[in-house]
Amino acid sequence: DADECKKVFSVPDFVGDACKAMAGRIRGQIAMESFDSFHRNSAKIIRGAVFGFNENKKIRDEFRFVANNLAITNVDIQSVEPVDQKTRDSLQKSVQLAIEITTKSQEATATMQGWSCASP
């Protein structure tokens, strides 16, 4: 159909619009997740945010833009990090604190079991 073909070029900045739409969906979904949940399930959460879920709670196969029939069929998640510097700093501080707590807990367990890391 000729009218359907014309839709492809009806949106001037379709790449920019697609990126903004997906970024907004991702930010909205991530805002509803706990840090721990997002850390463990980030790829599924991001894919679900972009594509949505069907009636069987499965991630859909595509995200289609009706205005120009653009179909996004895959996302390549190369890294996940906050854009905001304040959020990035808070996240780094939380990770460092978690590492310190884990280390101290392991040291305490080893000490209770009779192991010592101190020199004689």
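Residues numbered from 1 in each chain as written. Predicted model: local features only at pLDDT ≥ 70, side-chain atom pairs only at ≥ 80, totals over all residues. Heavy atoms only, no water.

1. Thoughts on helix α2 (residues 14–30)
Next, step 1: Along its 17 residues, α2 runs 24 Å from first to last C-alpha, staying within 8% of the 24 Å computed at 1.5 Å per residue.
Next, step 2: Burial in α2 covers these residues: Gly16, Ala18 and Met22. Buried residues of α2, viewed axially, fall in a sector of 160°; they line one side. Those residues of α2 that are exposed and aimed more than 90 degrees away from the buried face are Lys20 and Arg27.
Next, step 3: Residues of α2 that are buried in the fold lie against α3 (35–51), β1 (63–65) and β2 (70–72). (Helix = DSSP H or I, 4+ residues; strand = E, 2+ residues; numbered from the N terminus. Expected span 1.5 Å × (residues − 1). Buried < 20%, exposed > 50% of the residue type's maximum accessible area, 1.4 Å probe, protein only. Arc of directions from axis to C-beta. Contact = heavy atoms within 4.5 Å.)

2. Describing the packing of aromatic side chains
What describes a pair of aromatic rings is the distance from one ring centre to the other and the angle between the planes of the rings.
Next, step 1: Applying the stated criterion to the full structure yields 1 aromatic pair.
Next, step 2: Taken together, a centroid distance of 4.6 Å and an interplanar angle of 50° make the contact between phenylalanine 63 and phenylalanine 65 tilted.
Next, step 3: On the basis of relative accessibility, which here comes to 17%, the residue phenylalanine 65 falls in the buried class.
Next, step 4: The ring centre of phenylalanine 63 lies 4.0 Å from the NZ or CZ of arginine 25, which sits over that ring. (Phe/Tyr/Trp six-rings, centres within 6.5 Å; stacked < 30°, edge-to-face > 60°. Lys NZ or Arg CZ within 6 Å of the ring centre and 35° of its normal.)

3. A look at the pattern of salt bridges
Next, step 1: This structure, assessed with the given rule, holds 2 salt bridges.
Next, step 2: We note a salt bridge from arginine 40 to aspartate 36, for which the minimum N-O separation is 2.1 Å. Note that arginine 40 and aspartate 36 are positioned in helix α3 at a spacing of 4 residues, about one turn of the helix.
Next, step 3: Residue class for aspartate 36 comes out partly exposed when judged on its relative accessible area of 40%.
Next, step 4: Between arginine 64 and glutamate 62 there is a salt bridge, with its nearest N and O atoms 2.9 Å apart.
Next, step 5: Note on glutamate 62: relative accessible area 31%, which makes it partly exposed. (Salt bridge = Lys/Arg side-chain N within 4 Å of Asp/Glu carboxyl O.)

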